Amino acid sequence: GSKTTVLVTGGSGLVGSAIQKVYREEAGFDEGEEWVFLTSKDGDLRDPAAVRLLFEKHKPTHIIHLAAMVGGLFKNMKYKVEFWRDNVAMNDNILSLSKEYKVKKVVSCLSTCIFPDKTSYPIDETMIHDGPPHASNEGYAYAKRMVDMQNRAYHEEYGCNFTSVIPTNVFGPHDNFSIDDGHVLPGLMHKVYLARQKGEPLSVWGSGTPLRQFIFSEDLARLFVWVMRSYDSVHPIILSVGEEDEVDIKTAALTVAKAMGHEGQVVFDTTKSDGQHKKTASNRKLRELHPTFKFTPFEQAIGVTTKWFDENYAIARK
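Rules of the game
- Residues numbered from 1 in each chain as written.
- Predicted model: local features only at pLDDT ≥ 70, side-chain atom pairs only at ≥ 80, totals over all residues.
- Heavy atoms only, no water.
- Helix = DSSP H or I, 4+ residues; strand = E, 2+ residues; numbered from the N terminus.
- Rg over C-alpha atoms; globule rule 2.2 N^0.38 Å.
- Buried < 20%, exposed > 50% of the residue type's maximum accessible area, 1.4 Å probe, protein only.
- Contact = heavy atoms within 4.5 Å.
- Lys, Arg positive; Asp, Glu negative; His and termini not counted.
- Charge placed at Lys NZ, Arg CZ, Asp CG, Glu CD.
- Pairing = 2+ DSSP bridges.
- Axes fitted to C-alpha atoms, helices over the stretch in contact; angles between N-to-C directions.
- Polar contact = N/O pair within 3.5 Å; in protein donor to acceptor, adjacent residues only side chain to side chain.
- Core = buried A, V, L, I, M, F, W, Y, C linked by side-chain atoms within 4.5 Å.
- Phe/Tyr/Trp six-rings, centres within 6.5 Å; stacked < 30°, edge-to-face > 60°.
- Lys NZ or Arg CZ within 6 Å of the ring centre and 35° of its normal.
- Parallel < 35°, antiparallel > 145°, perpendicular 65-115°, else oblique.
- Nonpolar A, V, L, I, M, F, W, Y, C, P; charged D, E, K, R; others polar.

The subject of this paragraph is the overall build of the protein chain. Assigned secondary structure in the protein chain consists of 10 helices and 12 strands. For 318 residues, the compact-globule estimate of 2.2 N^0.38 gives 20 Å, and the C-alpha radius of gyration of the protein chain, at 19 Å, lies within 12% of that figure. With respect to the principal axes defined by its C-alpha atoms, the protein chain has extents near 60 × 40 × 40 Å. Within the protein chain, the proportion of its 318 residues that are buried is 52%. Taking contacts inside the protein chain between residues at least 6 apart in sequence as the whole, the part at least 24 apart equals 81%. Seen as two clouds, the 38 positive and the 41 negative side-chain charges of the protein chain have centres 2 Å apart.

Laid out in structure tokens, this is it:
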């Protein structure tokens, strides 16, 4: 039949949860569509037989592939083999079965950490393969880069419509708020929570000067739906706020502290390293193709996220 079934892998993670929320709250999802949000409990995507069962059961016409093995710096450095093998297996199963089952479109999620370590800025979509990624996460980065190669190969050889998106630093409800192995913003939120509880100063790692482009998960969710419906190239597209909307870590920390009502002092621990000063990505392609898209203001998005974290501290990943 002509029924549309959209299968979302990684459906309970940061981005998957946001797509679920947008799906529930916003019109623009057609009546004739069924959306299925998978979690790891539904099947091991590294196992071809398990993935085949999911395709048999749901008969997807479209796939948003978010599932991945992810982790912070420490985990990435320690488990390069597993980051490579697990991600390659998942991606290969999804794409090969999508070809076999004649899925109309697959949108896979890449990451800005796949970009070359030594590069000029701003980075754009044409530069992905121009040099090696940072050595610390090369298992993960190369596994994600290979999705782009596969998308082009499947298109050239079999006419498949497989594409990918590259979001910048995503944040929002349902994130991993681990201080040691999480990302900058959720880690800061957890630190503020504890500092506020103990009445202590907030200690931020590094000088506070590095710049990052942050994208709110609900904005990214809306853009994923737009890509699935309207973006017709196999080549990747960067989903990010503009270069002019880069935020330094100090501003990010103060915004989080203010949103969470932390009145105490904020100190910057310069004995800790800063990491890369900037990783600026260009969103020109997005702006040209979707000029009307409005991003949620940073403070407002931080407010939504910190409120969720405060209310769901007990169950939040941390």
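Taken in spatial order, the 6 strands line up as S2-S1-S3-S4-S5-S10 in an open sheet, and their pairing is parallel. Two strands bound the open sheet, and with one partner strand each, they are strand S2 (33-37) and strand S10 (237-239). Strand-to-strand twist of the sheet, defined as the mean angle between neighbouring strand axes without regard to direction, takes the value 20 degrees. For strand S1 (residues 4-9) and strand S3 (residues 62-65), the ladder comprises 4 bridges, and the chain directions are parallel. Within S3, the residue paired with Leu-7 across the bridge is Ile-63. Relative to the sheet, helix H7 (residues 217-230) contacts S1, S2, S3, strand S4 (105-109), strand S5 (162-167) and S10, its axis offset from that of S4 by approximately 150 degrees.

To continue, consider helix H8 (residues 249-259). The α-helix winds at 3.6 residues per turn, so residues separated by three or four positions along the chain end up facing the same way. Listing the buried residues of H8 in full gives Ile-249, Ala-252, Ala-253, Thr-255, Val-256 and Ala-257. Looking at the packing, one finds that the buried side of H8 touches helix H6 (184-198), strand S7 (202-205), strand S8 (211-212), strand S9 (214-216), strand S11 (247-248) and helix H10 (298-311). Put simply, Asp-248 is the residue that caps the front of H8, since its side-chain oxygen is 3.2 Å from the backbone nitrogen of Lys-250. After H8 finishes, the residue Gly-261 shows a positive phi value of roughly 65 degrees.

On to the side chain of Ser-111. With respect to the element layout, Ser-111 can be found in the loop between S4 and helix H5 (138-158). Among the residues examined, Ser-111 registers a relative accessible area of 16% and is labelled buried. A polar atom in the side chain of Ser-111 sits 3.1 Å from the backbone nitrogen of Cys-113. Filtering out sequence-adjacent residues up to four positions away, Ser-111 remains in contact with Tyr-140, Ile-166 and Pro-167.

Attention now moves to the nonpolar core. Formed by 31 residues in total, the largest nonpolar core has its most connected members in Ile-19, Trp-35, Ile-64 and Phe-224. Sorting the residues of this core by element identifies S1, helix H1 (14-25), S2, S4, H7 and S10 as the ones contributing at least two each. Looking at which element gives the most residues to this core, the answer is H7, with 8 residues. With 25 residues, the next largest nonpolar core counts Leu-202, Phe-214, Ala-252 and Ile-302 among its residues.

A complete count under the given rule lists 18 aromatic pairs for this structure. Relative to Phe-298, the ring of Phe-214 has its centre 5.7 Å away and its plane inclined at 25 degrees; by these criteria the two rings are stacked. Here Phe-214, found in strand S9, pairs with Phe-298, found in helix H10; they are 84 residues apart in sequence, far enough to count as distant. In this pair, the class of Phe-214 matches that of Phe-298, namely buried. Taken together, Phe-177, Tyr-193, Trp-308, Phe-309 and Tyr-313 form an aromatic cluster joined through their ring pairs. Above the face of the Tyr-158 ring, Lys-99 is positioned so that its terminal group lies 4.4 Å from the ring centre. Residue placement shows Lys-318 over the ring face of Tyr-313; its charged tip is 4.5 Å from the ring centre.

Moving on, we come to the side chain of Thr-255. Structurally, Thr-255 is set in helix H8. For Thr-255, a relative accessible area of 13% puts it in the buried group. Ignoring anything within four residues of it in the chain, the contact list for Thr-255 reads Phe-298, Glu-299 and Ile-302.

A few words now on the packing of H1 against H7. Viewed as axis vectors pointing N to C, H1 and H7 meet at an angle of 70 degrees, and their least axial separation amounts to 8 Å. With respect to H7, the axis of H1 lies roughly perpendicular. Along the contact surface, H1 presents Leu-14, Val-15, Ala-18, Ile-19, Lys-21 and Val-22, while H7 presents Ser-217, Glu-218, Leu-220, Ala-221, Arg-222 and Phe-224. Residues of the contact of H1 with H7, tallied by class, amount to 8 nonpolar, 1 polar and 3 charged.

Structurally, the position occupied by Leu-202 is in strand S7. Along the primary structure Leu-202 and Pro-60 are separated by 142 residues, whereas in three dimensions their C-alpha atoms are 47 Å apart. Leu-202 has contacts with Lys-191, Val-192, Ala-195, Ala-253, Ala-257, His-262, Gln-265, Val-266 and Val-267, leaving out every residue within four places of it along the chain.

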